[in-house]
Amino acid sequence: MAKDQKKQPRPKAETPKGFRDYFGADVTERKQMLDRIAEIYHRHGFEPLETSAVETVEALGKFLPDVDRPNAGVFAWQESDVPGGGSGDWLALRYDLTAPLARVAAQFRNDLPSPYRRYAMGPVWRNEKPGPGRFRQFYQCDADTVGSASVAADAEICAMLAAALEHAGIARGDYLIRINNRKVLNGILEAMGVAQGKPADDVLRTIDKFDKVGEDGVRQLLTTGRKDDSGAFIEGVGLAPEQAGPVLAFLTSKGADNAETLSNLRAAVGASATGAEGVEELAQIAEMLSAMGVGEDRAVIDPSIVRGLGYYTGPVFEAELTFEILDDKGRKRQFGSVAGGGRYDGLVERFTGQKVPATGVSIGVDRLLAALRAKGLMGGTAQGPVVVTVMDRERMADYQAMAAELRQAGIRAEVYLGNPKNFGNQLKYADKRNAPVAVIQGGDEAARGVVQVKDLVLGARIAAEASHEEWKAQPAQTEVARADLVAEVRRILG
């Protein structure tokens, strides 16, 4: 090797910034939760769909290239080695599961049933600045109906979401689905004399702060402006006080029940036909939810739900978990939102030029899994496999036969495949694997046709709690006939 040739540095063994690895229990528990949700979606007649992780940037829509490298918000690259020369397509990792659905609905519109009802689960990628609890890759779980303009589709999505949350483990009373409608807000804007476009967008951005700044804060932001907690002045939208009134009436229309809320909303929209249509849709959704057995303790009309009103075109819904948890500083707070969705009637139109109504919901997989763990429904130490130890290298086939018998009986099992010279290391391995049972058979046991079965869970408890006399009276290791191995392991596992 030449003296001036530098030694290639070893790569760093670290996860890229904004990404993470998932081990054993994380993967197992997520799959268990998603399987339960999928069972509900399947029961409602929805079909699974898996799309490519890569889409063209054009298909992603809102990320169309307007600079040399259109990667704002997405991980994008341009294909090279295009036949005949020239520039290749810009491709990107999918940003969500909705844009791929719109592409599929357009591409296969002559083959798919209409309406098309599908659910999808999988990772998505966002090229955004990572932070605490904010990753560049995360899971989504979506269910959508494409091709139905009926609000029955929206009501069904809400009812299905309630069933999915409960089947995943969230008890009734620990969640509430809140429902609003963009058309009602459009009616309010009409009544205010605020035109669509930038004026309406400014109002939308302001009311989206309602849960943070409250009624007075929104009033100030809609009119002259306000000082935030740091003392900095935030310029207002510039509406007259009488113009801001209908918006505040809309945001505070929540009554004691759906009937009172709907009455308040009818008064708020005044003579607006668009607003009246939105209120009527909310009334129909409430009626259908009641018919499906989803009462106001599970889903309710709530005009204060404004997140997403800038994107959705009709009904908007959000699932909120209502139980309390402790934050990082030990303070009690409500867990908050784990799912959201609504009607988006313009997405497929980008591909076909024809309006295609659609509605759907997306569950935050990591958020819901964290909620289940906070309730103690998941997050316990996952049980590992039964470990068959190796006392004699030459008898490896016998040990493999034991593991095979256990597996055939539906018991998770493995043979220790490390260096068997130190038996203590085998038990340490079993402990690290969280194995419930260790199987031991040396030459003496083999000659007598028996096997030692060690209850590792009981052994650990005895070692921690019992006296020496109790330990002798209740040993965690028993000897059974080789033919009774499966029965004894099954007894210990309960």
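Criteria and thresholds
Residues numbered from 1 in each chain as written. Predicted model: local features only at pLDDT ≥ 70, side-chain atom pairs only at ≥ 80, totals over all residues. Heavy atoms only, no water. UniProt positions renumbered as here; feature names shortened; annotations may be inferred. Helix = DSSP H or I, 4+ residues; strand = E, 2+ residues; numbered from the N terminus. Contact = heavy atoms within 4.5 Å. Polar contact = N/O pair within 3.5 Å; in protein donor to acceptor, adjacent residues only side chain to side chain. Pairing = 2+ DSSP bridges. Axes fitted to C-alpha atoms, helices over the stretch in contact; angles between N-to-C directions. Phe/Tyr/Trp six-rings, centres within 6.5 Å; stacked < 30°, edge-to-face > 60°. Buried < 20%, exposed > 50% of the residue type's maximum accessible area, 1.4 Å probe, protein only. Arc of directions from axis to C-beta. Domains from an automatic or database assignment. Core = buried A, V, L, I, M, F, W, Y, C linked by side-chain atoms within 4.5 Å. Parallel < 35°, antiparallel > 145°, perpendicular 65-115°, else oblique. Left-handed = near helix turned anticlockwise from the far one by under 90°. Nonpolar A, V, L, I, M, F, W, Y, C, P; charged D, E, K, R; others polar.

- You'll find the chain entered in an unreviewed UniProt entry as Histidine--tRNA ligase, with Paracoccus versutus given as the organism.
- If you open the UniProt record of the chain and go to Sequence similarities (unreviewed entry), you find "Belongs to the class-II aminoacyl-tRNA synthetase family."

Points about the UniProt feature "binding site: L-histidine" (unreviewed entry) in the chain
Working step 1: Within this structure's numbering, the places UniProt gives as "binding site: L-histidine" (unreviewed entry) are Asp96, Leu97, Thr98, Arg126, Gln140, Asp144, Arg307, Tyr311 and Tyr312.
Working step 2: Tracing the backbone through its elements, the reader meets Arg126 in the loop between β5 (116-125) and β6 (137-146).
Working step 3: Arg126 has contacts with Gly73, Phe75, Tyr95, Asp96, Arg136, Phe138 and Gln140, leaving out every residue within four places of it along the chain.
Working step 4: Within polar-contact distance, the side chain of Arg126 engages the backbone oxygen of Tyr95 at 3.1 Å.
Working step 5: Position of Arg307 relative to the elements: it lies in the loop between β10 (299-301) and β11 (315-326).

A few points about the sheet that holds strand β15 (residues 413-415)
The pairing of strands in a sheet happens through backbone hydrogen bonds and is either parallel or antiparallel.
Working step 1: A sheet is described by the order of its strands in space; here five strands give the open sequence β15-β14-β16-β17-β18, paired in mixed fashion. Looking at strand neighbours, the two that pair on one side only are β15 and β18 (477-481), the edges of this open sheet. The average undirected angle you get between the axes of adjacent strands in this sheet is 25°.
Working step 2: Pairing analysis gives five bridges linking strand β17 (residues 450-455) to β18, with the strands arranged antiparallel. Bridge pairing links Gln452 to Glu479 in β18.
Working step 3: Contacts from helix α18 (residues 485-493) reach β14 (386-388), β16 (437-440), β17 and β18 within the one sheet, and its direction differs from that of β17 by about 10°.

Here we look at the packing of aromatic side chains
Working step 1: The tally for this structure, following the rule as stated, stands at six aromatic pairs.
Working step 2: Pairing Phe19 with Phe75 gives two aromatic rings, centres 6.0 Å apart and planes at 45°, and the pair type is tilted. Pair noted here: Phe19 is in the segment before α1 (24-43) and Phe75 is in the loop between α2 (57-60) and β3 (76-78), with a separation of 56 residues, a long-range link.
Working step 3: Judged by its relative accessible area of 21%, Phe75 is partly exposed.
Working step 4: Taken together, a centroid distance of 5.3 Å and an interplanar angle of 65° make the contact between Tyr416 and Tyr429 edge-to-face. A residue pair is termed long-range when its members are at least 10 positions apart, and Tyr416 in the loop between β15 and α14 (423-432) and Tyr429 in helix α14 qualify at 13 residues.
Working step 5: According to the relative accessible area criterion, Tyr429 is partly exposed, its value standing at 29%.
Working step 6: Each member of the aromatic cluster is reached from another via a ring pair, and the members are Tyr311, Tyr312 and Tyr344.

Digging into unusual backbone geometry
Of all residues except glycine, most have a negative phi; of all peptide bonds, most are trans.
Working step 1: Across the junction of Ser114 and Pro115, the peptide omega takes the value 5°, indicating a cis bond.
Working step 2: Checked against the element boundaries, Pro115 lands in the loop between α3 (98-107) and β5.
Working step 3: Of note, the phi angle at Asn434 is positive, near 55°, even though the residue is not glycine.
Working step 4: By the element assignment, Asn434 lies in the loop between α14 and β16.

What about helix α16 (residues 456-465)?
Working step 1: Inspection of α16 places Leu456, Leu458 and Ile462 among the buried residues, and these make up the whole buried set. Around the axis of α16, the buried residues are gathered within 160° of arc, so they sit on the same side. Facing away from the buried side of α16 by over 90 degrees, the exposed positions are Val457, Ala464 and Glu465.

What about the domain arrangement of the chain?
Working step 1: Entries for the chain in the domain assignment read domain 1 (25-53 + 94-193 + 243-374) and domain 2 (386-493).
Working step 2: Just the C-alpha atoms count here: the centres of domain 1 and domain 2 sit 50 Å apart.

What about helix α12 (residues 365-374)?
Working step 1: Burial in α12 covers these residues: Val365, Leu368, Leu369, Ala371 and Leu372. On an axial view of α12, the arc spanned by its buried residues comes to 155°, and they lie on one face.
Working step 2: Its buried side turned inward, α12 meets α1, β6, α4 (151-168), β11, β12 (332-343) and β13 (358-364).

Quick notes on the nonpolar core
Working step 1: The biggest cluster of nonpolar side chains holds 90 residues, and the ones touching the most others in it are Met33, Ile37, Tyr41, Ile177, Ile179 and Ile207.
Working step 2: Ranked by the residues each element gives to this core, the list is headed by α4, at 11 residues.
Working step 3: Met33 has contacts with Ala168, Val365, Leu368, Leu369, Leu372 and Met378, leaving out every residue within four places of it along the chain.
Working step 4: Val386, Val388, Ala403 and Ile492 belong to the second largest nonpolar core, which has 19 residues in total.

With respect to the packing of α4 against helix α10 (residues 273-291)
Working step 1: One way to put it is that α4 packs onto α10 with a least axis distance of 9 Å and a crossing angle of 50°. Considering the angle they form, α4 stands oblique to α10. As for how α4 packs across α10, the hand of that crossing is right-handed. Contact residues: Val151, Ala152, Asp154, Ala155, Cys158 and Ala159 in α4; Glu281, Gln284, Ile285, Met288 and Leu289 in α10.
Working step 2: Here the residues of the contact of α4 with α10 sort into eight nonpolar, one polar and two charged.

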